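These are the residues of each chain, in order.
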Amino acid sequence: MPLEDWGWDARWAAEFSALPGRGLRPARVVNERRGVYGVVAADGERDARLTGASRRKAGARANLPAVGDWLAVELSPGERVATVREILPRRTKLSRKAAGEALEEQVIAANLDAVFVTTALNQDFNPRRLERFLIVCRESGAEPVLLLNKLDACPDPKTYIEEARAVAAGAPVLTLSAKSGDGLTALSAWIKPGRTVGFVGTSGVGKSTIINRLRGDERLLTHATRVRDERGRHTTTSRDLYLLPGGGVLLDTPGMREMQFWEAGQGLAQSFEEIDALAPSCRFRDCGHDREPGCAVLAAVAAGTVAAARLAAWLKLRGELAAKAARVSPADQAAARRRSREARKAAPPRVRPPQ
Ligand SMILES: Nc1nc2c(ncn2[C@@H]2O[C@H](COP(=O)(O)OP(=O)(O)O)[C@@H](O)[C@H]2O)c(=O)[nH]1
Ligand SMILES: [Mg+2]
Ligand SMILES: [Zn+2]
């Protein structure tokens, strides 16, 4: 199985050959289960593990390998399980704030070229949630595409499509039906040999079904959605990379209800481009578009050229970002740096934190 099928290219090869270690081989993480990484290497699939020392050295969870990462692994003679030595610097990184109270980054996947933000044309459709997913995707560096699935079961998709376009901020909006196959071929503009595309969205919208159709088999489990609330059960429990027979790598993810962003500077501006574009016209350079006099955004809302719901969403998301920034105090940041310095001293620097 050539690694090129999995996205290996000259740039990865150059980074890999610049690594200091000897006897290393490249491998890509295709899944992770309780600290055991399923990886594909030139000689096929195998398991890989971190040593305890490099796990401690990594410090934050985000510095551990994630699905999609390219690794340098070492295989001792007679061993079946490889040892992870390095993570090649990530080209893109899809991160969110880990669910729960802790302020911790969770890397959903690394090195995605594009992300299909998937929803269904039914009551699952939620423009505010789509905005969040789009911000996270843009922040990752991957190209976002909005997929509106279950076209077969939607008598009137027009309003949904309009609402989707209003939040897409230029991202392509595609409608399709995984059930009938309608609209599926349009996805091939993004799914190409050597490219990796991830599916994200809440549970039950049809991510696994779409991937099944594209793979032409039924190996991924899907689960009948409960009829009453149209919500899916959590049948996809892990993140997995799949190689398509015709080329291209797809990432399936479990449904994500919570999508709090980790970083969102650019992602927020790009996802609210109509607001971002007006900001220079506000009287104050640091206008918060809240109640300031001479605010061009408020004027546009009054004139009906910017939707009030978009400004409300923007204000809320910006507030969340500010609250998160306030939680990471300078003292916390210094403590994190100290911890990672100590960890580096305690263990040889084998796993390099990704960029
Ligand atoms: N009517 C209809 N049902 C679909 C379509 N795609 C998926 N489903 C159904 O929606 C349910 C959830 O699908 P699944 O792929 O597990 O969703 P996931 O949680 O996003 O992976 C299953 O019962 C699928 O058969 C579609 O295009 N049309
Ligand atoms: Mg699924
Ligand atoms: Zn303003």
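Bear in mind that the values here come from a model prediction, so they are computed numbers and not experimental data.

1. A word on the overall build of the protein
When you go through the protein residue by residue, the secondary structure sums to 10 helices and 13 strands. Buried residues in the protein amount to 49% of all 355 residues. Counting contacts in the protein only where the partners sit at least 6 residues apart, residues at least 24 apart contribute 67% of the total.

2. Some thoughts on unusual backbone geometry
Although it is not a glycine, Asn-111 adopts a positive phi angle of roughly 60 degrees. With respect to the secondary-structure elements, Asn-111 resides in the loop between β7 (105-110) and β8 (114-120). The backbone phi angle of His-289 is positive, close to 55 degrees, even though this residue is not glycine. Position of His-289 relative to the elements: it lies in the loop between α7 (273-278) and α8 (296-303). Taking the relative accessible area as the measure of exposure, His-289 reaches 4% and is therefore buried.

3. Some points on the coordination of the zinc ion (ligand 3)
The protein atoms that coordinate the zinc ion (ligand 3) are Cys-282 (SG), Cys-287 (SG), His-289 (ND1) and Cys-295 (SG), at distances spanning 2.1 to 2.4 Å. Angles of 105 to 115 degrees at the metal separate the four donor atoms of the zinc ion (ligand 3), which places the site in the tetrahedral class. On the primary sequence, the residues serving as donors to the zinc ion (ligand 3) are separated as C-x4-C-x1-H-x5-C. For the pair Cys-282 and His-289, a shared accessibility class is recorded, and that class is buried.

4. Points about the packing of aromatic side chains
For the structure on display, the rule yields six aromatic pairs. Ring geometry for Phe-125 versus Tyr-160: centroids 5.1 Å apart, planes at 65 degrees, classification edge-to-face. Of the two residues, Phe-125 is situated in the loop between β8 and α3 (127-140) and Tyr-160 in helix α4 (residues 158-168); the sequence distance between them amounts to 35 residues. Within the aromatic cluster, the residues linked to one another by ring pairs are Trp-8, Trp-12, Phe-16 and Trp-70. The lysine or arginine in question, Arg-91, covers the ring of Trp-12, its NZ or CZ lying 3.9 Å from the ring centre.

5. Considerations on the pattern of salt bridges
Any two side chains of opposite charge can pair, so long as their charged atoms come close to each other. This model, assessed by the stated rule, comprises 15 salt bridges. A salt bridge links Arg-33 to Asp-240; its shortest N-O distance comes to 3.3 Å. Of this pair, Arg-33 sits in strand β1 (residues 24-33) while Asp-240 sits in strand β12 (residues 240-243), and the two are 207 residues apart along the sequence. With relative accessibility at 42%, the residue Arg-33 sits in the partly exposed group. For the salt bridge of Arg-310 with Glu-274, the shortest nitrogen-to-oxygen distance reads 2.8 Å.

6. A few points about the packing of α3 against helix α9 (residues 308-327)
Closest axis-to-axis distance for the α3/α9 pair is 11 Å, and the angle between their directions is 50 degrees. Judged on the interaxial angle alone, α9 and α3 are oblique. Of the two possible hands of crossing, α3 and α9 adopt the one that is right-handed. Across from Arg-128, Glu-131, Arg-132 and Ile-135 in α3, the residues of α9 making contact are Ala-309, Arg-310, Ala-313, Lys-316, Leu-317 and Glu-320.

7. Re the nonpolar core
Val-117, Leu-146, Val-200 and Phe-272 are the most contacted members of the largest nonpolar core, which has 74 residues in total. Per-element tally for this core: the top contributor is α3, with six residues. Once residues lying within four places of it in the same chain are set aside, the contact partners of Leu-146 are Val-117, Leu-130, Leu-134, Ala-164, Ala-168, Pro-172, Val-173 and Leu-174. If you look at the next biggest cluster of nonpolar residues, it comprises 18 residues, including Phe-116, Leu-184, Trp-190 and Ile-210.

8. What about α3?
The end-to-end C-alpha separation of α3 is 20 Å, in line with the 20 Å expected for 14 residues at 1.5 Å each. The element α3 is largely enclosed, with a buried count of 12 among its 14 residues. Taken as a whole, α3 has its buried residues at Pro-127, Arg-129, Leu-130, Glu-131, Arg-132, Phe-133, Leu-134, Ile-135, Val-136, Cys-137, Arg-138 and Ser-140. With a side-chain oxygen positioned 2.9 Å from the backbone nitrogen of Arg-128, the residue opening α3 is Asn-126. Of the residues flanking the end of α3, it is Gly-141, one or two places downstream, whose phi is positive at about 95 degrees.

9. What about the environment of Ser-180?
Structurally, Ser-180 can be placed in the loop between β10 (173-175) and β11 (196-200). Only 3.1 Å separates the side chain of Ser-180 from the backbone nitrogen of Asp-182, close enough to count as a polar contact.

10. So, the side chain of Thr-196
As for its placement among the helices and strands, Thr-196 is situated in strand β11. Taking relative accessible area as the criterion, Thr-196 reaches 1% and is therefore assigned buried. Those residues in contact with Thr-196 that lie beyond four places of it in its chain are Arg-28, Asn-111, Leu-112, Asp-113, Ala-114, Leu-241 and Val-249.

11. A short note on the confidence of the model for the protein
Averaged over every residue, the pLDDT of the protein is 87; residues scoring 70 or more account for 86%. Considering only residues more than four positions removed or in separate chains, one finds that residues 223-234, a stretch of pLDDT under 50, has 20 contacts.

12. As for the environment of Pro-65
Relative to the helices and strands, Pro-65 resides in the loop between α2 (52-58) and β4 (70-74). Note: C-alpha distance between Pro-65 and Val-107 (42 residues apart in sequence) is 8.9 Å. In this structure, Pro-65 is in contact with Val-29, Tyr-37, Leu-50, Leu-71, Val-84, Ile-87 and Arg-90, ignoring residues within four places of it in sequence.

What counts as what
Residues numbered from 1 in each chain as written. Chains lettered and ligands numbered in written order. Predicted model: local features only at pLDDT ≥ 70, side-chain atom pairs only at ≥ 80, totals over all residues. Heavy atoms only, no water. Helix = DSSP H or I, 4+ residues; strand = E, 2+ residues; numbered from the N terminus. Buried < 20%, exposed > 50% of the residue type's maximum accessible area, 1.4 Å probe, protein only. Contact = heavy atoms within 4.5 Å. Donors = N, O, S within 2.8 Å, 3.2 Å for Na, K, Ca; no water. Tetrahedral: all angles 85-135°; square planar, octahedral: opposite > 155°, others 65-115°. Phe/Tyr/Trp six-rings, centres within 6.5 Å; stacked < 30°, edge-to-face > 60°. Lys NZ or Arg CZ within 6 Å of the ring centre and 35° of its normal. Salt bridge = Lys/Arg side-chain N within 4 Å of Asp/Glu carboxyl O. Axes fitted to C-alpha atoms, helices over the stretch in contact; angles between N-to-C directions. Parallel < 35°, antiparallel > 145°, perpendicular 65-115°, else oblique. Left-handed = near helix turned anticlockwise from the far one by under 90°. Core = buried A, V, L, I, M, F, W, Y, C linked by side-chain atoms within 4.5 Å. Expected span 1.5 Å × (residues − 1). Polar contact = N/O pair within 3.5 Å; in protein donor to acceptor, adjacent residues only side chain to side chain. pLDDT = per-residue confidence, 0-100.

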